[in-house]
Structures are given as C-alpha cells and as structure tokens.
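# Descriptive structure summary
Read off the chains here:
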Amino acid sequence: QVQLVESGGGLVQAGGSLRLSCAASDRTFRSNGMGWFRQAPGKEREFVAVISWNGGITNYANSVQGRFTISRDNAKNTVYLQMNSLKPEDAAVYYCAADRAFYGLNTNVYDYDYWGQGTQDTVSS
C-alpha cells in the first residue's frame, strides 16, 4: 500500500518559517493533485494548499495566501510546503494527501483518499 510520510514540523516562534515535506513511497501519485491540510485542536480539518500533478497550478486558502508556498518534485515523489511569517493561528497538525482523481485540484477534504500521518507544527507568540 502506498504511504505518505510527512516531516519537517516543529516548534517555531511567530514570524518564523518551517518547511514541510511529504514523501510518497512510490510514484503512484505523480498524476494526482496533492494537497496540504491542517487540523487544530477542537477544529475540523481544513484546506491549506493544493498543487496540480505537474506543479503548474497551485491554489491556497485565503488565510495562508502570500505566506505559504506549495511545490513538488515528482522525480523524488515529494511534495513540499514552505511556510513563512508563521502566526500562532497556524499551529496545527499538518497533513498531506493525494487527490482521488487524476489531474485533480480539489480543496475539499472529502476528495482525498490517501493521507499521511500528520506532522505537528507549534507556533509560539
């Protein structure tokens, strides 16, 4: 079974940066859109960013637009999320996921079938 493994989370001060990585165990998702989602305690999982299969199209939640950048390297089966100017409200468990549809670019959590285990990001004020 294909696995998605996130890494790069941690503790950072407000205004700082983190770079998350999501490595797929094989090349299965090279034709799928890949998304990042996050879930804070007591809240629903929410969309953060998505990238098309070839990296040519990206879409972001309004709350992270201009601060976060999603990218992918299909040769390495890896998706990245560069997070700059972090705010305390960005603290959450961050998950990467593969869109159910080939060439998808969905923002709804229910359109994703494969999920990583999550990585915790903590932002201190």
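Scroll up a little and you will see the structure.
Attention in this report is confined to the structure presented alongside it.

## Quick word on the pairing of strand β3 (residues 18–24)
- Counting buried positions along β3 yields five of seven residues, so the element is predominantly enclosed.
- Two elements, strand β1 (residues 4–7) and β3, share four bridges in a ladder whose sense is antiparallel. Pairing of Leu4 across the sheet is with Ala24, part of β3.
- As judged from the six bridges shared by β3 and strand β8 (residues 78–83), these two strands associate in the antiparallel manner. Within β8, the position partnered with Ala23 by the bridge is Thr78.

## Here's the deal with the pattern of salt bridges
- The final tally for this structure, using the stated rule, is four salt bridges.
- Among the salt bridges present, the one from Asp90 reaches Arg38, with a minimum N-O distance of 2.9 Å. Of the two residues, Asp90 sits in the loop between β8 and β9 (92–102) while Arg38 sits in strand β4 (residues 32–39), which places them 52 residues apart along the sequence.
- The exposure class assigned to Asp90 is buried, which follows from its relative accessible area of 1%.
- With its nearest N and O atoms 2.9 Å apart, the salt bridge here joins Asp113 to Arg100. Of this pair, Asp113 sits in strand β10 (residues 112–115) while Arg100 sits in strand β9, and the two are 13 residues apart along the sequence.
- With relative accessibility at 45%, the residue Arg100 sits in the partly exposed group.
- Counted as one network, the salt bridges with shared partners bring together Arg38, Glu46, Arg67 and Asp90.

Calculation rules
- Residues numbered from 1 in each chain as written.
- Predicted model: local features only at pLDDT ≥ 70, side-chain atom pairs only at ≥ 80, totals over all residues.
- Heavy atoms only, no water.
- Buried < 20%, exposed > 50% of the residue type's maximum accessible area, 1.4 Å probe, protein only.
- Helix = DSSP H or I, 4+ residues; strand = E, 2+ residues; numbered from the N terminus.
- Pairing = 2+ DSSP bridges.
- Salt bridge = Lys/Arg side-chain N within 4 Å of Asp/Glu carboxyl O.

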